[in-house]
Amino acid sequence: MAKSLLIISRQSPWSGPGAREALDIVLAGGAFDLPIGLLFLDDGVLQLAAGQNAKALQQKDLSANLQALPMFGVEELFYCADSASVRGLGDRSLDEAQPLAADEITALIDRYDQVITL
């Protein structure tokens, strides 16, 4: 049986390649039916904000990749509720992503065999 993998995405969508790389890993894992999850933490929750104008920042829009996750069998999507609140997102995050409190994040990380943070 394949080991489970949790990807923790901590970068905003426009601060560097980390956000895209995290999504690429998750999509690749999903394509190979790996048990995989994705946690948005710290500035990573900004990837979930609606109405981003990536072209204005001369960046590639990641929203299509996020929307494709369920098609690749990736259904374990989580975000830190505290990170979202501090950054003014509140409940405007993806409906498919589950908000987690700090103690729930620790339990989530413990559930996975391997964890990669980007």
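- The name that an unreviewed UniProt entry assigns to the protein chain is Sulfurtransferase complex subunit TusC, with the source organism given as Pseudomonas kribbensis.
- You can read under Sequence similarities (unreviewed entry) in the UniProt record for the protein chain the words "Belongs to the DsrF/TusC family."

1. Structural notes on the overall build of the protein chain
And then number 1: Each helix and strand in the protein chain was counted, giving 4 helices and 5 strands.
And then number 2: The linear arrangement of helices and strands in the protein chain, starting from the amino end, is β-α-β-α-β-α-β-α-β.
And then number 3: Within the protein chain, contacts between residues separated by at least 24 positions form 75% of all contacts whose residues are at least 6 apart in sequence.
And then number 4: Carbon and sulfur atoms make up 51% of the accessible area of the protein chain, which totals about 6,700 Å².

2. Thoughts on the nonpolar core
Nonpolar side chains tend to gather and get buried jointly when the protein is soluble and globular.
And then number 1: By size, the foremost hydrophobic cluster in this structure holds 23 residues, and its most contacted members are Ile-7, Val-26, Leu-38, Phe-40, Leu-69 and Tyr-79.
And then number 2: For this core, the secondary structure elements donating two or more residues are β1 (5-9), α1 (18-31), β2 (36-40), α2 (63-68) and β3 (76-80).
And then number 3: Those residues in contact with Ile-7 that lie beyond four places of it in its chain are Ala-22, Ile-25, Val-26, Ile-36, Gly-37, Leu-38, Leu-39 and Ile-116.
And then number 4: In this structure, Leu-39, Cys-80, Leu-108 and Tyr-112 belong to the second largest nonpolar core, which totals 10 residues.

3. A short note on α1
And then number 1: In this model α1 runs 20 Å from its N-terminal to its C-terminal C-alpha over 14 residues, within 8% of the 20 Å that 1.5 Å per residue would give.
And then number 2: Of all the positions in α1, only Gly-18, Ala-19, Ala-22, Leu-23, Val-26, Leu-27, Gly-29 and Gly-30 are classed as buried.
And then number 3: Just downstream of α1, Asp-33 is the residue with a positive phi angle, here 55 degrees.

4. Overview of the side chain of Gln-47
And then number 1: Take Gln-47: it is sitting in the loop between β2 and α2.
And then number 2: Taking the relative accessible area as the measure of exposure, Gln-47 reaches 6% and is therefore buried.
And then number 3: In this structure the side chain of Gln-47 is engaged in a polar contact, spanning 2.9 Å, whose partner is the backbone oxygen of Gln-11.

5. Some remarks on the sheet that holds β2
And then number 1: Pairing is parallel across the open sheet formed by 5 strands, whose spatial order is β4-β3-β2-β1-β5. Looking along the sheet, the strands with just one partner apiece sit at the ends: β4 (98-100) and β5 (114-117). On average, each strand axis in the sheet is tilted by 25 degrees relative to the strand beside it, whichever way the strands run.
And then number 2: Where β1 meets β5, 4 bridges bridge the pair, whose relative direction is parallel. Paired with Leu-5 across the strands is Gln-114, a residue of β5.
And then number 3: Relative to the sheet, α1 contacts β1 and β2, its axis offset from that of β2 by approximately 160 degrees.
And then number 4: Strand contacts of helix α4 (residues 102-111): β1, β2, β3, β4 and β5, with the helix running at about 110 degrees to β4, the strand carrying the most contacts.

Cut-offs applied
Residues numbered from 1 in each chain as written. Predicted model: local features only at pLDDT ≥ 70, side-chain atom pairs only at ≥ 80, totals over all residues. Heavy atoms only, no water. UniProt positions renumbered as here; feature names shortened; annotations may be inferred. Helix = DSSP H or I, 4+ residues; strand = E, 2+ residues; numbered from the N terminus. Contact = heavy atoms within 4.5 Å. Areas by Shrake-Rupley, 256 points an atom, 1.4 Å probe, with all protein chains shown as cover. Core = buried A, V, L, I, M, F, W, Y, C linked by side-chain atoms within 4.5 Å. Buried < 20%, exposed > 50% of the residue type's maximum accessible area, 1.4 Å probe, protein only. Expected span 1.5 Å × (residues − 1). Polar contact = N/O pair within 3.5 Å; in protein donor to acceptor, adjacent residues only side chain to side chain. Pairing = 2+ DSSP bridges. Axes fitted to C-alpha atoms, helices over the stretch in contact; angles between N-to-C directions.

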